[in-house]
Amino acid sequence: MVEASLQGKVLVLYLFDVCEEINLDRLRDILGPRCVGEGLKKHAAYENVEFVRLPVVETVEPFAIQENEAIQGTIKYYDYGVVSLIFDLPFQGDWGALVNVSSHWMSESRLEGAAMAVAREKLKAAAAALIKPYKGWLSEDYFIFAIKDAPGSASAAELLRTHGAEIAQIVRGETAPLSEGEQSEVIQSSLSYYPRDLAVIGWNATFIYDTEPGAQAAIQLLEYANSQLLEFRHYDELLTRELAGVYKSLDRKGSILDRWRMARSASRLLTLLLDVIELTERVDNAIKFLSDMFSARLYRLAAAKVGVPDYKNLVKEKLSTAEELYRFMVDQFHQSRAFVLELLVVVILIIELAFVFYGKG
């Protein structure tokens, strides 16, 4: 007996941290009619979610990385300097086919290269809207397997009972069967709002069983969580480099001149601190959950799975370290300034005494 087909799509997300900020109003002027939409599409389970500043969305021209394949996609611009490319690949087949498709796309490197090329081409046209663009880009990828129809309109509980093993393989990108312990580890990160919807969230991929509107809302929350991860990774690397430079300067022999120069280093460190605090708050508050709904629980689970809290804590720790170093450097500068002032007073007294004795002579 031939197994009935699953209907849905594979979404491949590539996110790039391209600049400190994108002026979305300027970008809308540049794109004009090419803007195709923006914002979080509504669904009953996500009705209390809203973007503080709606990202701008533009269609990507279809392209192919192999014969007889046209890949559709969109590019989304966030005000905090992240661009996200989403490639939409229709799927129809059985569970075994979806397992193979998952493994294929998670190991396919050509699509990432195509995504980078598309992003660079789009950003050339949008250059006037980019504020403090970066030379090197950090990137993240994520995979979403969204099924809208399953044989017999199965419930979420039935899907997990009968096809939990395949769902775990799909989320992990594995063609070989997983152990019962690993299956359990994957399946425990699942959420349902209605009896017939399901999201199983992993660190690199998510399986969604839902209507198209419901799946779209979950997809946008997953995308937002990954954009947060990218930004906190950027701030972590930025602070790591700056702190390394500060430690290097502090390791030098503590001459008066070196201490005097600390005022400039401390000022630069304080500027960085304020910039990072402002930018992290903007990223952290880009979406508002107006009440404790399913969307907030899904977002928290997704953020935890991809590592947002871990990087956020690293950034907080390094901000705290930077604040302590700033205070230390300012104290060192004040001590050196006090020493120089005392030395000047002594020199002036010596000069005055010399004049007194010289006058007497």
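Description of the structure in this document.

Formed by 56 residues in total, the largest nonpolar core has its most connected members in Phe16, Ile22, Leu27, Tyr77, Phe87, Leu111 and Phe207. The leading source of residues in this core is strand S1 (residues 6-22), at eight residues. Apart from residues lying up to four places away in sequence, Tyr77 is in contact with Ile22, Leu24, Leu27, Leu31, Pro55, Val56, Glu58, Val82, Val83, Lys122 and Leu123. Core analysis: the second largest hydrophobic core is formed by 47 residues, Phe51, Ala218, Tyr235 and Leu269 among them.

Okay, unusual backbone geometry next. Backbone geometry places Lys132, a non-glycine residue, at a positive phi of 55°. Mapped onto the elements, Lys132 comes out in strand S7 (residues 130-149).

The subject of this paragraph is the pairing of strand S9 (residues 198-201). Side chains on a regular strand alternate between the two faces of the sheet. By the alternation rule, side chains of S9 split into Leu198 and Val200 and Ala199 and Ile201, which are all buried. In this structure, strand S8 (residues 190-191) lies alongside S9, joined through two bridges in antiparallel fashion. Residue pairing for S9: Ser190 is matched across the bridge by Val200. Between the antiparallel neighbours S8 and S9 lie six residues. Sheet analysis places S9 next to strand S10 (residues 205-209), joined by four bridges and oriented antiparallel. Across the sheet, the residue bridging to Leu198 is Tyr209, located in S10. Counting the residues between successive antiparallel strands, the hairpin from S9 to S10 contains three residues.

Before going further, it helps to spend a moment on the packing of aromatic side chains. Across all of its chains, the model carries nine aromatic pairs by this definition. Judged by centre distance (4.8 Å) and plane angle (85°), the ring pair of Tyr193 and Tyr194 falls under edge-to-face. We note Arg120 situated over the ring of Trp137; from NZ or CZ to the ring centre the distance is 4.1 Å.

By the criterion of burial, strand S6 (residues 82-93) is predominantly enclosed, with nine of the 12 residues buried. Here 12 bridges tie S1 to S6, and the two strands are oriented antiparallel to one another. By the bridge assignment, Val10 is partnered in S6 with Leu89. The pairing of strand S5 (residues 71-77) with S6 spans six bridges and is antiparallel. Bridge pairing links Gln72 to Asp88 in S6. Where S5 folds back on S6, the antiparallel hairpin that results is connected by four residues, among which Gly81 adopts a positive phi of roughly 95°.

Definitions and cut-offs
Residues numbered from 1 in each chain as written. Predicted model: local features only at pLDDT ≥ 70, side-chain atom pairs only at ≥ 80, totals over all residues. Heavy atoms only, no water. Core = buried A, V, L, I, M, F, W, Y, C linked by side-chain atoms within 4.5 Å. Buried < 20%, exposed > 50% of the residue type's maximum accessible area, 1.4 Å probe, protein only. Helix = DSSP H or I, 4+ residues; strand = E, 2+ residues; numbered from the N terminus. Contact = heavy atoms within 4.5 Å. Pairing = 2+ DSSP bridges. Phe/Tyr/Trp six-rings, centres within 6.5 Å; stacked < 30°, edge-to-face > 60°. Lys NZ or Arg CZ within 6 Å of the ring centre and 35° of its normal.

Read these as spatial facts, not as claims about activity.
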